[in-house]
Amino acid sequence: MQATETEEKACCRPADCRLVMLLESSIGKKIMVALAGLFLSFFLLVHLAGNLFMFSGAGAFNHYASALAHNELLPVAEIGLVVLFLVHIALATRAWFINRAARPVGYQVYAGKGGRTAGSRSMAVTGALVLVFLLVHLKTFRFAPAAVREADLFALVVRRFRSPWYSAFYVLALGGLGLHLSHGVQSAFQTLGLNHPRYTPLIKKLGLAFAVLIALGFMSMPIYFGFLGGAK
Amino acid sequence: MADKNEQTMNLTLKVWRQKGPQEPGRLVEYKVTGVSPDMSFLEMLDVLNEQLVSRGEDAVAFDHDCREGICGMCSLMIDGRAHGPDSAATTCQLHMRRYKDGDTVVIEPFRAKGFPVVKDLVVDRSAFDRIMMAGGFVSVGTGAACDANSILVPKEKADKAMDAAACIGCGACVAACPNAAAMLFVAAKVSQYALLPQGQAERDRRALAMRKAMDAEGFGHCTNEYECEAACPKEIKVSNIARLNREFLRAAVSAD
Ligand code: HEM
Ligand code: FES
């Protein structure tokens, strides 16, 4: 009965606090990474929908951008995004280091039996690529001088995309994001405990379709305005 | 057929040799001769050991017991795959007809922080026993055998519980996992009880305690690579891992 007594006092010890457990335990950490990842995926969809105004010309896009910038709730959404990114990156990175330590001596030969995919293998690399992209992306657009942004954001975007290096980096990073999501979206459902013989195959297909949609959707802009010389 | 069976093979083996837990190890190359295609992989290692001993060399230590795929004692990473190239089979069920004369085979121990090497190919898998001691049981007094229908169990649940209970605890899931995670094992054990009425009383406590024991042994985090399911000799499904995640989440937010 010793075990039961210590169990009952458990909530006083930080390691057994339920909130700490959700951040510290292996499963809890993964649940938080998955939740943050799904919210970020939803954000990507909204962000893409807004950005596609680029194809409606400078007027429509600048109107959308200025409406967004003047929305009083924007700071709330931005803080939410920062928190989601921090939670996702911090916990996923911590899990990655723990996983490397879980096999201190590696195999001389490791082949596997076909469980892994290109996406699942490269989650850490694609995640890091997305992080670098995110920093570059924020610096060029979100933290561009206010005067430049407010004058004509459309022109700023087109000007940046006219640099082939910049656009090539965009396309590469968005390919990485697509790969990240190709594993991540369906994986998050499994992590959250949603696995069903009838729906899991569908979730896997939709997850992949979502990844392709997001990657191609965002890529369309550097390709059209950069490489194809759109909006002359 | 008879002719083919009489033909024996000569193989080159690269075997991990390590004198003790703290000693450095390395792959050592051996030639093994006169291997029959009818032998199991373990019998082939027996032949190797006979040849080593007759030359006055130290036999290769490896784990085995039932040699019929039910005890979970045999292990081995064979050419980088847990329990070798076949699916749904243990190393003791792997036959040498899978190989041909002149093949080179690399044999390494299961590797994980939670499975330290004892000697050569033998690893200490008692971490699994400690995880079971944390919650892999039902501690109600069952009394005398009662009427079979006094506790009703739906057929689908009974099937799923039986599928989970097929786990023999060999550790191939850990060995195959890129993260050395023990989720498939723990998921199978948690599931076999969570699905049955007898497991309900300790359901929450079990999920929390077994997760905690699993992390304490130094196993990794699941990233849903599904190499465990592919390597499992008993074909335990990753849907059990989803159930473990649900059981954990349920217990974490709702247990007393
Ligand atoms: C918009 C940006 C991002 C989205 C939508 C996203 C989405 C996801 C999703 C859905 C998962 C799956 C969670 C699970 O397996 O349960 C995931 C996992 C992961 N993410 Fe991200 N992520 C993003 C950015 C990043 C960044 C910036 C990093 C790192 C610097 C990163 C690193 C990882 C890692 C290491 C994993 C875990 C690998 C695994 O579970 O296989 N992610 N991400
Ligand atoms: S020796 Fe018993 S399962 Fe292989």
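Each chain has its residues counted from 1, running along the sequence as written. Chain letters and ligand numbers both follow the written order, the letters beginning at A and the numbers at 1. Residues qualify for local features only when their pLDDT is at least 70, as the model is predicted, and side-chain atom pairs are given and counted only at 80 or more; totals for whole chains, interfaces and linings, by contrast, use all residues. The basis for every side-chain value is the complete set of non-hydrogen atoms in the structure, without hydrogens or water.

Q: Explain the overall build of chain A to me, please; I cannot follow it from the model alone.
A: Helix and strand definitions here come from DSSP, where helices need a minimum of 4 consecutive H or I residues and strands a minimum of 2 consecutive E residues; each element is numbered from the N-terminal end. Along its length, chain A carries ten helices and zero strands. The secondary structure elements of chain A, listed N-terminal to C-terminal, are α-α-α-α-α-α-α-α-α-α. Seen through its C-alpha atoms, chain A measures out along the principal axes to roughly 75 × 45 × 40 Å. Within chain A, the fraction of its 232 residues that count as buried is 38%. Sequence-distant contacts in chain A: of pairs separated by 6 or more residues, those separated by 24 or more amount to 78%. Residue-level accessible areas treat just the shown protein chains as cover; the underlying method is Shrake-Rupley with a 1.4 Å probe. Surface accessibility of chain A: about 13100 Å² in total, with carbon and sulfur atoms responsible for 73%. We count Lys and Arg on the positive side and Asp and Glu on the negative side, and we leave His and both chain ends out. Charge coordinates come from a single atom per side chain, which is NZ of Lys, CZ of Arg, CG of Asp or CD of Glu. Averaging the coordinates of the 21 positive side-chain charges in chain A and doing the same for the 9 negative ones gives two points 17 Å apart. Working definition: with a 1.4 Å probe on protein chains only, accessible area under 20% of the residue-type maximum means buried, over 50% means exposed, and in between means partly exposed. Any two residues having at least one pair of non-hydrogen atoms within 4.5 Å are treated as being in contact.

Q: Explain the site of ligand 1 to me, please; I cannot follow it from the model alone.
A: A molecule or strand has a residue near it when one of that residue's heavy atoms lies within 4 Å. Around ligand 1, the structure places 22 residues, and the nearest of them are Lys30(A), His88(A), His180(A), Ser187(A) and Thr191(A). This site is not confined to one chain, since residues near ligand 1 come from chains A and B. For ligand 1, an oxygen atom lies 3.0 Å from a polar atom in the side chain of Lys30(A). Contacts described as polar in this section are N or O atom pairs within 3.5 Å, which, within protein, must combine one atom able to donate a hydrogen with one able to accept it, while residues neighboring in sequence count only if both atoms come from side chains. A distance of 2.8 Å separates a nitrogen atom of ligand 1 from a polar side-chain atom of His88(A). Elements represented by at least two residues in the shell around ligand 1 include exactly α3 (26–51), α5 (74–101), α7 (123–142) and α9 (164–191) of chain A. Split into classes, the residues belonging to the shell around ligand 1 amount to eleven nonpolar, ten polar and one charged. Any residue outside Ala, Val, Leu, Ile, Met, Phe, Trp, Tyr, Cys, Pro, Asp, Glu, Lys and Arg is labelled polar, Gly included; the first ten of those are nonpolar and the last four are charged.

Q: Would you take a moment to explain the pattern of salt bridges for this structure?
A: Note on pairing: side chains with opposite charge can pair once their charged atoms come close. Residue and element names in this part refer to chain B. In the sections that follow, a salt bridge refers to a side-chain nitrogen of Lys or Arg positioned within 4 Å of a carboxyl oxygen of Asp or Glu. Going through the model one piece at a time under the given rule, you end up with 18 salt bridges over all chains. Among the salt bridges present, the one from glutamate 29 reaches lysine 31, with a minimum N-O distance of 3.9 Å. For the salt bridge of glutamate 57 with arginine 55, the shortest nitrogen-to-oxygen distance reads 3.1 Å. Overall, the relative accessible area of 48% leaves arginine 55 in the partly exposed class. Connected through salt bridges with shared partners, the residues Arg17, Asp58, Lys119 and Asp120 form a single ionic network.

Q: I tried to follow the interface of chain A and chain B on my own but got confused; where do I start?
A: A common way to report how large an interface is uses the accessible area buried once the components associate. At the interface, 45 residues of chain A touch 57 residues of chain B. Looking at the side of chain A facing chain B, the largest losses of area belong to Ile27(A), Tyr107(A) and Lys113(A), adding up to 18% of the total buried there. Across the salt bridge formed by Glu225(B) and Arg116(A), the nearest N and O atoms sit 3.0 Å from each other. Looking at the side of chain A that touches chain B, the elements with two or more residues in it are α1 (2–8), α2 (18–24), α3, α5, α6 (118–121) and α9 of chain A. Ranked by the residues each element gives to the side of chain A that touches chain B, the list is headed by α3(A), at six residues. Note: buried area is the sum, over both parts, of the accessible area (probe 1.4 Å) each one loses when the two are combined.

Q: Sorry if this is basic, but what is going on with unusual backbone geometry here?
A: Trans peptide bonds make up the majority, and among non-glycine residues the majority have a negative phi. Residues and elements named next belong to chain B. In this model, alanine 180 sits at a positive phi of 50°, which is unusual for a non-glycine residue. The residue alanine 180 is located in the loop between α5 (172–176) and α6 (183–194) in this model. Alanine 180 gets classed as buried once you look at its relative accessible area, which sits at 0%. Although it is not a glycine, asparagine 224 adopts a positive phi angle of roughly 55°. Turning to its location among the elements, asparagine 224 is positioned in the loop between α7 (203–216) and α8 (227–231).

Q: How should I be thinking about the domain arrangement of chain B in this particular structure?
A: Residue and element names in this part refer to chain B. An automatic or database domain assignment supplies the residue ranges for each domain. When its domains are assigned, chain B resolves into domain 1 (9–119) and domain 2 (125–255). Each of domain 1 and domain 2 has a C-alpha centre, and these two points are 29 Å apart. With 20 residues of domain 1 in contact, the opposing surface of domain 2 contributes 20 residues. Buried area between domain 1 and domain 2, summed over both chains or domains, comes out near 1400 Å², and the portion from carbon and sulfur atoms is 63%. Taken as a group, Ala88, Gly114 and Phe115 account for 34% of the area that domain 1 buries against domain 2, more than any other trio of residues on that side. In this structure, the connection of domain 1 to domain 2 is made through one salt bridge. A salt bridge links aspartate 63 to arginine 125, with the nearest nitrogen and oxygen atoms 3.3 Å apart. Inspection of the domain 1/domain 2 interface yields four residue pairs in polar contact (both at pLDDT 80 or more). Each residue belonging to the side of domain 1 that touches domain 2 can be placed in one class, and the counts come to eleven nonpolar, six polar and three charged.

Q: It is not clear to me how the side chain of Asn99(A) should be interpreted in this structure. Could you clarify?
A: Tracing the chain through its elements places Asn99(A) in helix α5. Here Asn99(A) falls in the buried class, since its relative accessible area comes to 3%. Here the side chain of Asn99(A) touches Asn179(B) through a polar contact of 3.4 Å, side chain to side chain.

Q: Would you mind going over the packing of aromatic side chains with me for this structure?
A: For any pair of aromatic rings, the description consists of the separation of the ring centres together with the inter-plane angle of the planes. All names here are of chain A. Each Phe, Tyr or Trp ring (for Trp, its six-membered ring) is paired with any other whose centre lies within 6.5 Å, and the angle between the two planes then decides the class: stacked below 30 degrees, edge-to-face above 60, tilted in between. Overall, the coordinates contain 20 aromatic pairs over all chains when judged by the stated rule. Geometrically, the ring pair formed by phenylalanine 133 and phenylalanine 169 is tilted, given 6.2 Å between the ring centres and 45° between the ring planes. Of this pair, phenylalanine 133 sits in helix α7 while phenylalanine 169 is found in helix α9, placing the two residues 36 residues apart along the sequence. Overall, the relative accessible area of 12% leaves phenylalanine 133 in the buried class. For the pair tyrosine 166 and tyrosine 170, a centre-to-centre distance of 5.1 Å together with 35° between the ring planes defines the contact as tilted. Here tyrosine 166 pairs with tyrosine 170, and both are found in helix α9, just four residues apart, close to one helical turn.

Q: Any chance you could explain the coordination of the iron atom of ligand 1 here in plain terms?
A: Ideal geometry at a metal centre gives angles of 109.5 degrees when four donors are arranged tetrahedrally and 90 or 180 degrees when six donors are arranged octahedrally. All names here are of chain A. Note on the iron atom of ligand 1: its protein donors are His88 (NE2) and His180 (NE2). The metal-donor distances range over 2.0 to 2.1 Å. In this description, a donor is an N, O or S atom within 2.8 Å of the metal centre, a cutoff extended to 3.2 Å for sodium, potassium and calcium. Water is not part of the atom list, which can make sites seem incomplete. Square planar and octahedral assignments, for four and six donors respectively, both demand that opposite donors be over 155 degrees apart and that all other angles lie between 65 and 115; tetrahedral needs four donors with all angles between 85 and 135 degrees, and anything else is irregular. Classification of the site at the iron atom of ligand 1 as octahedral follows from its six donor atoms and the range of 87 to 179° in their angles at the metal. Taken together, the positions of histidine 88 in helix α5 and histidine 180 in helix α9 put the pair 92 residues apart, joining distant regions of the chain. Take histidine 88: its relative accessible area is 17%, and that puts it in the buried class. Judged by its relative accessible area of 15%, histidine 180 falls in the buried class.

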